[in-house]
Structure formats: C-alpha cells, structure tokens
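What follows is the residue order along each chain.
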Amino acid sequence: MSDLYEAYNEIYPVYDRVTNAVTFGLANRWRRLALTYGLSMANGALSRVLDAGSGMGSMSRELLSMVDVRHIVLLDQSLNMLKRAIRGVNIDVVCGSFEKAPFRDLSFNMVLMGFSLHASTNVEEASCEVGRVLKPGGVLASVNIGKPDNPVLRALGWLYTAVAIPLITLFTGGPRYVKYFYGIHEIYVRLKVNRMFKDMVAKCLKIAAFKTKALGMVNILVAVKGNGPSPSDDEG
C-alpha cells in the first residue's frame with residue numbers, strides 16, 4: 001500500500017482535473033448522490049463528521065453545500081493533499097489512516113468516504129473501523145470504484161482502467177502522472193465484485209442503500225450503525 005500513498009502525495013496538482021475527465025464529469029454528481037442518501041438516513045443535526053480518506057476535501061465540500069455541519073475532520077495519509085484541503089473555522093485536518101483511525105469510539109455522527117474505501121487493505125476491517133468511530137445510528141456515505149458482477153462488464157472495466165484511464169491521464173494530466181493513475185487499474189484488479197464488496201461492509205454495518213453506476217464500475221454505498229432500513233439495490 002505504500003505505493004498507493006506515494007501516488008496520492010504526487011497527484012495533487014492534477015487530481016481534480018483527471019478525476020473529472022475519467023468520470024466524464026460525473027464524480028461530483030455521484031458524491032452528491034451518496035450524500036443525499038446518507039443525509040436521508042441521518043438522525044438530527046450533524047454535529048461531528050469524519051471525511052475518511054478525504055484527499056483535498058471534495059466530499060466535505062459537497063456536504064457543506066447541502067447542509068450546515070458543526071465540525072468536520074478531514075483524515076488522510078497524504079500531507080500534500082491535506083495542505084491543499086478546504087479550510088474553515090469548523091474544519092480540522094488530521095494526517096493518518098482510516099484503517100486505524102486515531103479517534104475514540106463513538107466520535108462521529110457521519111463518516112464520508114469519497115473514492116477511498118475501495119483502496120483499503122481489507123474492506124471488511126476498514127468498515128469495522130468506521131463502525132467503531134460512528135455513534136449509534138451514525139451513517140457511512142460512500143462512493144467507490146466498483147467491479148461489476150456481470151463478467152462481460154467486468155472485462156470492460158478491466159480494459160477501461162488498464163488502457164483508457166492511462167490515456168486520459170496522459171492528455172489531461174501529463175506523462176508524469178500516468179503511472180500513478182494506473183494504480184486505479186491495480187485497485188480494480190484486486191477488488192471483489194460489487195456483491196461481495198457490499199457483503200464485506202455488511203459484516204459491520206447495516207446496508208441502507210447500494211446503487212451501481214457507470215455499468216457497475218462505480219458503486220454508491222450508504223450504511224448505518226445499528227438497525228436501519230432494508231437495503232435498496234439498483235443497477236445503473
């Protein structure tokens with residue numbers, strides 16, 4: 001995983017531009033959709049929110065455009081990302097891993113994960129760590145790289161991450177960054193298919209909504225700590 005963290009330290013100058021290009025401008029729409037589902041599950045005001053694997057705070061920026069939040073903590077292992085993260089009187093930044101979050105149990109009402117949970121060493125253990133820091137009834141709102149259950153679509157995803165994303169990076173970010181964004185393909189290869197990804201999260205959290213986008217190459221997962229509504233699945 002050290003190569004992955006090195007990549008995030010290097011790609012900050014072009015991260016937003018390349019991400020927007022490889023998602024055909026849909027990344028923020030997917031973030032907002034995850035947040036919309038998450039907010040519908042939240043009980044009361046958001047007094048304390050953790051943006052886990054925050055990068056420069058794209059997920060938190062979207063959240064703040066939707067609701068008032070008393071306190072947000074951005075957690076990321078990349079100092080370069082955090083140095084350029086969004087700022088505010090109600091925003092703190094912490095350098096560290098969401099897989100071993102440096103926070104007490106029951107610390108947050110909501111955890112945001114914008115394109116970060118899929119990068120964890122162990123999705124189930126990372127989900128349990130999210131559950132540890134969430135208060136009872138707290139919500140995880142996440143958008144992730146997905147791996148289609150359908151084998152034909154899965155092969156298409158392999159080609160897109162292995163060939164198309166490096167080419168898009170070359171033209172939108174420059175040759176220096178191609179090797180770092182090729183890491184998306186490496187993540188894709190080791191990912192479990194969407195059904196299994198959801199099941200791993202469900203070991204520690206109650207799935208409230210699970211939607212697939214981009215032919216299954218993206219998934220939006222919302223979960224709650226404790227009892228919650230039955231999951232809603234949708235392929236799209």
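J.: How do you make sense of the overall build of the chain when you look at a structure like this?
T.: Counting its regular elements, the chain contains 10 helices and 8 strands. The globule rule puts the C-alpha radius of gyration for 236 residues at 18 Å, and the 17 Å found for the chain is close to it. Seen through its principal axes, the chain has C-alpha atoms that stretch 45 × 40 × 30 Å. When burial is assessed residue by residue, the chain has 53% of its 236 residues classed as buried.

J.: I keep staring at unusual backbone geometry and nothing clicks. Help me out?
T.: Negative phi characterises most residues that are not glycine, and trans characterises most peptide bonds. With a phi angle near 60°, Phe 115 is a residue other than glycine that sits in the positive phi range. Along the chain, Phe 115 falls in the loop between strand S4 (108–114) and helix H6 (123–133). Phe 115 sits in the buried class, given a relative accessible area of 11%. The backbone of Ala 214 shows a phi angle near 50°, a positive value even though the residue is not glycine. Within the element layout of this structure, Ala 214 appears in the loop between strand S6 (206–213) and strand S7 (218–224).

J.: Could you clarify how one ought to interpret helix H3 (residues 27–41) in this entry?
T.: For the α-helix, the turn length of 3.6 residues means that residues three or four positions removed from each other point alike. A rise of 1.5 Å per residue sets the reference length of H3, with its 15 residues, at 21 Å; its end C-alpha atoms lie 22 Å apart and thus fit the reference within 8%. Among the residues of H3, those classed as buried are Ala 27, Trp 30, Arg 31, Ala 34, Leu 35 and Gly 38. End-on view of H3: buried residues confined to an arc of 135°, all on one side of the axis. Structural note: H3 exposes Arg 29 and Ser 40 on the side pointing more than 90 degrees away from its buried face. In this structure, the buried residues of H3 make contact with helix H2 (15–22), helix H4 (58–64), S4, strand S5 (134–145), S6 and S7.

J.: Before we go on, may I ask you to explain a nonpolar patch on the surface in this structure?
T.: On the surface, a nonpolar cluster with roughly 690 Å² of combined accessible area is contributed by Trp 158, Leu 159, Val 163, Leu 167, Leu 170, Phe 171 and Val 189. Ranked by the residues each element gives to the nonpolar patch, the list is headed by helix H7 (residues 151–172), at 6 residues. Take Leu 170: it is sitting in helix H7. For Leu 170, a relative accessible area of 35% translates into the label partly exposed.

J.: I would appreciate a short explanation of the pattern of salt bridges in the present structure.
T.: Pairing between side chains of opposite charge can happen when the charged atoms of each approach one another. Evaluated as defined, the whole model comprises 4 salt bridges. A salt bridge links Glu 10 to Arg 176; the nearest nitrogen and oxygen atoms lie 3.0 Å apart. With Glu 10 in helix H1 (residues 2–10) and Arg 176 in the loop between H7 and helix H8 (178–181), the pair connects residues that are 166 residues apart, well separated along the chain. Between Glu 129 and Arg 132 there is a salt bridge, with the nearest N and O atoms lying 2.9 Å from each other.

J.: Please explain the environment of Val 93 as it appears in this structure.
T.: Inspection of the secondary structure puts Val 93 in strand S3 (residues 91–95). Using a relative accessible area of 38% as the deciding quantity, one classes Val 93 as partly exposed. Along the backbone, Val 93 and Val 163 are 70 residues apart, and their C-alpha atoms lie at a distance of 35 Å. Residues in contact with Val 93, not counting those within four places in the same chain, are Leu 74, Leu 82 and Arg 87.

J.: In this structure, what is going on with the packing of aromatic side chains? I would like to understand it.
T.: One pair of aromatic rings is described through two measures. These are the centre distance and the angle between the planes. Scanning the entire structure with this criterion turns up 2 aromatic pairs. Look at Phe 24 and Tyr 160: their rings are 6.3 Å apart centre to centre, the planes differ by 35°, and that puts the pair in the tilted class. Of the two residues, Phe 24 sits in the loop between H2 and H3 while Tyr 160 sits in helix H7, which places them 136 residues apart along the sequence. Overall, the relative accessible area of 63% leaves Phe 24 in the exposed class. An angle of 85° between the planes, with centres 5.1 Å apart, marks the rings of Phe 103 and Phe 108 as edge-to-face. By relative accessible area, which is 14% here, Phe 103 ends up buried. Above the face of the Tyr 12 ring, Arg 84 is positioned so that its terminal group lies 3.8 Å from the ring centre.

Rules used in this analysis
- Along each chain, residue indices are assigned from 1 in the same order as the chain's sequence is written.
- Local features in this predicted model are restricted to residues of pLDDT 70 or higher, and side-chain atom pairs are both shown and tallied only at a pLDDT of 80 or more, whereas totals for entire chains, interfaces and linings draw on every residue.
- Side-chain descriptors were evaluated using all non-hydrogen atoms of the structure, hydrogens and water having been removed beforehand.
- Labels follow the DSSP assignment, with helices taken as runs of H or I lasting at least four residues and strands as runs of E lasting at least two, numbered in each case from the N terminus.
- Each radius of gyration is computed over the set of C-alpha atoms, and the globule rule expresses the reference value as 2.2 Å times the number of residues to the power 0.38.
- Exposure classes here rest on a 1.4 Å probe applied to the protein chains alone. A residue is buried below 20% of its type maximum, exposed above 50%, and partly exposed in between.
- Helices are assigned an expected span. That span is 1.5 Å times one less than the residue count.
- Along the arc lie the directions from the helix axis toward the C-beta atoms.
- Contact between two residues is taken to exist if any of their heavy atoms lie within 4.5 Å; hydrogens are not considered.
- Grouping into patches uses exposed residues only, defined as over 30% relative accessible area, and leaves out salt-bridged ones; the cut-off is 9 Å for like charges and 5 Å for nonpolar side chains (Val, Leu, Ile, Met, Phe, Trp, Tyr).
- Here the open area of atoms and residues is found with the Shrake-Rupley method and a 1.4 Å probe, where only the protein chains shown may cover a residue.
- Whenever a carboxyl oxygen of Asp or Glu lies within 4 Å of a side-chain nitrogen of Lys or Arg, that contact is scored as a salt bridge.
- Planes of paired rings set the category: under 30 degrees apart is stacked, over 60 is edge-to-face and the rest tilted, where pairs are Phe, Tyr or Trp rings (Trp by its six-membered ring) whose centres lie within 6.5 Å.
- Any Lys NZ or Arg CZ that is within 6 Å of a ring centre and within 35 degrees of that ring's normal is treated as a charge sitting over the ring.

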